[in-house]
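Analysis of the macromolecular model
For reference, the chains in residue letters:
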Amino acid sequence: MLRLFLLPALLLLTATGAGAQNRVELDRRVADAKMDLLQKEAAVRQQELALRFPAYLRTSLYVDKRARGFVLETLRVRVDGREIIDRDYQLDEARALSDDAMQRVSRVALEPGEHDIVIEFSGRIMQARDAGRPVARQLSATFTKGSEALDVIIPVTDESSPVELRQIAYGGQADEDTGAITRVEAGSAEDPRLGHARYLNAVGRNFGALVELQQIDFGGGDAPLPESYRWLMAESYLAFGMLEPARRAFARLERVTPDRDRLVDGLLELASFEYQRGYLYEAVQRLRALRNDVQDRHLQRWQDLTSRVLLAQGRYSEAADVLRETADRSEHTPFMRYNLGIALLNSGDLAQGRSALDEISQRRPDDDAERALRDKANLTLGYHFLREQLGGTAKPVFERVRIDGPFSNRALLGMGWAELAPEGGRQDRQEVGDGGESDEFRDVASLGVLIRPGFFEADIYRRLANRPFRRSGIAEDEEESLLRALVVWNELVKRDPMDAAVQEAMLAIPYALDRLGDYEQALQRYQRAISVFEEARDRIDDGIESVEGALMLNTIVRRDADAQSGYNWRLLDLPDLPETYWLNRLLAEHRFQEQLKNYRDARLLAARISALRKNVGATFRAAANLPPPPQSVVVSRRASSLQRSDLPALRLERAERLTLQGSRSVPPVSQPAVPLREAGLPREFRGRREAYSAAVSELATAQDRFEQLAEQQSESVRELAISDLEDQRAVLEQYLLEARFAVARIYDRRLRDQTSAP
């Protein structure tokens, strides 16, 4: 009966076998579909932009927050007396306007010529000296719209600052200014489209950021892409969980970037993503290769991540070596110290491992996470001593756990078994590394206070709600141990009967009563346990049925339907469904969360494609109402600044020649007459509208692909959930089997006693 079903675990178990291989293959198919959609949507958006906002009309308005500590609250913009923007900012949106991020708040179609703009905004200063001070500003300006696309930058600051005008230059000619308009290189740090992509990433719209970046036209040629663009593209790929493109992007950056510090940051983030997705081998290889580039600022993060990946692979000794690589471990987080203790215990260094966990278990915590970690360390250490048959050492360790913490039930269960385990010898505490001061104390809300020695009085049966009974012929010390265990377990069974630790206690109590000779009350306790186990089994069956109906998945996705945060998305709000209670442990694991993210992404992108396809009619109507392009045949001062998709329709007239300003005049050369004949009509016309329609039509197959992937991913998630529920059901079946055998044994004993009675 001394079986410990609830030993705490540190490591995520990497799934093996056909199921894991299928999940890896499905993950790759989702990633390929994302890349395909990214390219197709960028093409659609480019065609849509050319139709709705051709270059000769296109005017983009960007908000650029230039004051540190300023939180934007409201923004209102009028152009030529017409209101363009009137919006309030949420706190997360206002905070996203930082670190060179800009928000494109609107695109408008303005004919060439002069235009007036009036801007009103308000917000608050959040810096310590002026915290809470309100700020309101009004700006006005007049600008000239030419034949090229124009970007209007609205400065948001607590000081006066003029409106800025920018245009995109191509072919490396971004150093010259044209009057009041600043020409910037496409894809450079000053390109406002990069600023908008940063904003989209900051608000969690990672796929939108990728589409924005994918649309940037660099004007052709062999010039290398700007490094600012490369960085943002790599970070956006990773933010949306597109592993292979992110790997390629960072590999290119490794070859060209001089910013090695930023590169280490990015590669650590990439390795973290590989770890979470279960690509443990790739993560270890990346981290090992990165070691020589890791400086002091990154060392702690590198040690933490590398040790966790090695622990997940079961390479405990190597994980301990990584965490002990430096002599000074004073900067290690409590979680790293906990992992060190686990690594040492599992690698056979029991004394050092016990000492490391003991230090964490007596540490004064700074927040709820560290309180939970301290409880987990005590629980882990306590069960370790139980496995080593050191019950006397385990008891005070279990007593440190909080009464109402997430590990209190399992600690109470362990305390009971510690009363029945051999006492063992006294254990010496050894220093681990630099040691450091441990703040030893007894929490007033710990289990040691709940089960205090004064409660083990003579009328212990009253506290157990048991009647006095005739003792069996067991040794006095065993009887005392059983009574002490009963006190602890009796406190435990007052808690949630659906909890696994409580259920094991429901078996442990009648076991102890049976050993003490109280057969009647043992029988009653077993029968009550059977009733609870059957109810729990029925509830698990309801959970399996609910999972099979995909109710949980659909509820989760519906609650977060518009999020595009990909890799950074987290499941924080659990639905109130039958399976949620039983799956809380699985829901927290990477293997479930990553599959859930893929399912969510597939659903999100299928819906995104549907919205794009429905937008065709509105785009055509908007394009039909645009004013015609200017009659001038001079299209640009520089041919190199022209994008093919932006070329206005040139109107040809007899006796006119097309010229480009700044071009050299060439004297006419006599040419021999060429006989011409009338050509037949083309089979089809491929104008801008037709190109847009063709690009949208290609999205149909992409939508079908994501809908199929969503269904396959849903099935994969359901398999994980059902497998976990069936494992829990199997434990309950084992409990039921033991309880029923025990009842049969008691009835058999009673029958033998009646038969042998005179």
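Residues numbered from 1 in each chain as written. Predicted model: local features only at pLDDT ≥ 70, side-chain atom pairs only at ≥ 80, totals over all residues. Heavy atoms only, no water.

This paragraph deals with the side chain of lysine 40. Here lysine 40 shows up in helix 1 (residues 18-52). Among all residues touching lysine 40, those that are not within four sequence positions of it are Glu698, Leu699 and Thr701. (Helix = DSSP H or I, 4+ residues; strand = E, 2+ residues; numbered from the N terminus. Contact = heavy atoms within 4.5 Å.)

The geometry of helix 9 (residues 296-312) relative to helix 10 (residues 316-323) is characterised by a closest axis approach of 8 Å and an angle of 175 degrees between their N-to-C directions. When the interaxial angle is binned, helix 9 and helix 10 end up roughly antiparallel. Touching Trp302, Gln303, Thr306, Ser307, Leu310 and Leu311 of helix 9 are Tyr316, Glu318, Ala319, Val322 and Leu323, all from helix 10. (Axes fitted to C-alpha atoms, helices over the stretch in contact; angles between N-to-C directions. Parallel < 35°, antiparallel > 145°, perpendicular 65-115°, else oblique.)

So, about a negative patch on the surface. On the surface, Glu535, Asp538, Asp542, Glu545, Glu548, Glu726 and Asp727 cluster together into a patch of negative charge. In terms of residues, the negative patch owes the most to one element, helix 20 (residues 519-548), which gives five residues. (Patch = residues over 30% accessible without salt bridge, like charges linked within 9 Å, V, L, I, M, F, W, Y side chains within 5 Å. Areas by Shrake-Rupley, 256 points an atom, 1.4 Å probe, with all protein chains shown as cover. Salt bridge = Lys/Arg side-chain N within 4 Å of Asp/Glu carboxyl O. Lys, Arg positive; Asp, Glu negative; His and termini not counted. Charge placed at Lys NZ, Arg CZ, Asp CG, Glu CD.)

Structurally, the position occupied by leucine 290 is in helix 8 (residues 280-290). C-alpha of leucine 290 to C-alpha of tryptophan 302: the two residues are 12 residues apart in sequence and 8.8 Å apart in space. Each residue touching leucine 290, except ones within four places of it in the same chain, is listed here: Val264, Leu267 and Leu268.

On to the pattern of salt bridges, then. Counted by the stated rule, this structure contains 49 salt bridges. Taking the shortest distance from any N to any O, the salt bridge between glutamate 594 and arginine 277 comes out at 2.5 Å. Placement of glutamate 594 in helix 23 (residues 590-614) and of arginine 277 in the loop between helix 7 (260-276) and helix 8 is noted, with a sequence separation of 317 residues between them. Assigned by exposure class, glutamate 594 and arginine 277 land together as buried. The residue glutamate 480 makes a salt bridge to arginine 484 at a minimum N-O spacing of 3.4 Å. Of the two residues, glutamate 480 and arginine 484 are both situated in helix 18 (residues 476-492); the distance of four residues between them amounts to about one turn of the helix. The class of glutamate 480 is partly exposed, set by a relative accessible area of 42%. Three or more residues joined by partner-sharing salt bridges are found here, namely Asp261, Asp265, Glu269, Arg297 and Arg301. (Buried < 20%, exposed > 50% of the residue type's maximum accessible area, 1.4 Å probe, protein only.)

The nonpolar side chains of soluble globular proteins are, as a tendency, buried together. The biggest cluster of nonpolar side chains holds 117 residues, and the ones touching the most others in it are Leu61, Leu75, Val77, Ile119, Tyr237, Phe250 and Phe706. Those residues in contact with phenylalanine 250, other than ones at most four positions away along the chain, are Trp231, Ala234, Leu238, Leu263, Gly266, Leu267 and Leu270. Counting residues in hydrophobic clusters, the runner-up holds 67 residues, among them Leu412, Trp489, Leu725 and Leu732. (Core = buried A, V, L, I, M, F, W, Y, C linked by side-chain atoms within 4.5 Å.)

Before going further, it helps to spend a moment on the sheet that holds strand 5 (residues 113-125). Taking strand neighbours across the sheet as the criterion, the four strands line up as 3-2-5-6 in an open arrangement whose pairing is antiparallel. Both edges of this open sheet fall to strand 3 (82-88) and strand 6 (133-145), since each of them pairs with a single strand only. The sheet shows a mean angle of 20 degrees between the axes of neighbouring strands, taken without regard to direction. Of the strand pairs in this sheet, strand 5 and strand 6 are connected by 13 bridges, and their pairing is antiparallel. Considered in strand 6, the bridge of aspartate 116 is made with threonine 142. (Pairing = 2+ DSSP bridges.)

Moving on to the confidence of the model for the protein chain. Scored by pLDDT, the protein chain has a mean of 81; 76% of the residues are at 70 or more. Across residues 172-176, where pLDDT falls below 50, the model places eight contacts with residues more than four positions away in sequence or in other chains. Across residues 566-570, where pLDDT falls below 50, the model places 25 contacts with residues more than four positions away in sequence or in other chains. (pLDDT = per-residue confidence, 0-100.)

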